[in-house]
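Structural overview
Each chain is listed here by its residues.
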Amino acid sequence: MMSARNEGTKMAPLSGFLRFALLAIGAGVSFVMQQAVNADLRTAMGSAAWAGFVSYLGGTLCMLALAMVLRDGVPGAVSIARSNWWAWSGGFFGAIYIAISILLIPRLGATFVALLIAGQMIASLVFDNFG
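Residues numbered from 1 in each chain as written. Predicted model: local features only at pLDDT ≥ 70, side-chain atom pairs only at ≥ 80, totals over all residues. Heavy atoms only, no water.

So, on to the environment of L41. Examined against the element boundaries, L41 turns out to sit in helix α1 (residues 4-45). Since its relative accessible area comes to 24%, L41 is described here as partly exposed. Taking C-alpha positions, L41 is 5.7 Å from A51, a pair spaced ten residues apart along the chain. In this structure, L41 is in contact with G46, A51 and V54, ignoring residues within four places of it in sequence. (Helix = DSSP H or I, 4+ residues; strand = E, 2+ residues; numbered from the N terminus. Buried < 20%, exposed > 50% of the residue type's maximum accessible area, 1.4 Å probe, protein only. Contact = heavy atoms within 4.5 Å.)

Taken together, M45, W50, F53, V54, L57, L61, L64 and M68 make up a surface patch of nonpolar side chains, about 820 Å² in accessible area. Ranked by residues supplied to the nonpolar patch, first place goes to helix α2 (residues 48-70) with seven residues. The residue M68 is located in helix α2 in this model. (Patch = residues over 30% accessible without salt bridge, like charges linked within 9 Å, V, L, I, M, F, W, Y side chains within 5 Å. Areas by Shrake-Rupley, 256 points an atom, 1.4 Å probe, with all protein chains shown as cover. Salt bridge = Lys/Arg side-chain N within 4 Å of Asp/Glu carboxyl O.)

In this section: the packing of aromatic side chains. All chains considered together, the criterion is met by four aromatic pairs. The interplanar angle of 85 degrees and the centroid separation of 5.8 Å between the aromatic rings of W85 and W86 together place this pair among those described as edge-to-face. Seen in terms of ring centroids, F92 and F93 are 5.3 Å apart; in terms of plane orientation they differ by 70 degrees. Their pairing is edge-to-face. As far as burial versus exposure is concerned, F92 and F93 are alike and both exposed. (Phe/Tyr/Trp six-rings, centres within 6.5 Å; stacked < 30°, edge-to-face > 60°.)

We now examine helix α4 (residues 90-108). Along an α-helix, a turn takes 3.6 residues, which lines up residues three or four apart on a common side. Its 19 residues place the ends of α4 25 Å apart at the C-alpha level, agreeing with the 27 Å of an ideal helix rising 1.5 Å per residue. Along α4, the sharpest change in direction is near 30 degrees and occurs at I102; proline P106 comes one to four residues later. If you check which residues of α4 are buried, you get G94, I98, S101, I102 and I105. Note on α4: the residue one or two positions beyond its end, G109, has a positive phi of about 60 degrees. (Expected span 1.5 Å × (residues − 1). Bend = angle between axes of the 7 residues up to and from the residue.)

The next point concerns the confidence of the model for the protein chain. Taken over all residues, the pLDDT of the protein chain has a mean of 88, while the share at 70 or more is 91%. Per-residue pLDDT, averaged within each element of the protein chain, yields its smallest value for α1 (82) and its largest for α2 (94). Of the regions scoring below 50 in pLDDT, residues 1-6 engages in two contacts with residues more than four places distant in sequence or in other chains. (pLDDT = per-residue confidence, 0-100.)

Here it is in structure tokens:
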């Protein structure tokens, strides 16, 4: 028979997991919302490129605010120089993703999100297997 103390310690990891699971679900909702609002912005602006720029500008401002709230210092030149060149390519791949999604959401709708998830799963398997 478990004591109440043991039951509490067993529940803590589950409640932690549930919080993380809810955050992950929120990220998924945010992902779909981003697709919808970017597609709408493209229609309003008449330009996928400018809609992507506005999306990235908004994201940049949000990340700047987060860094300030967390009081993260600006990385030093030594830290930046230590990073691999490919570590800086995230924005490039993000731009490809944003541009393609802005162009295809109006044409494919929810099918685009399903295909996107399939692509993510395939890439995840390749990265897990080959590193």
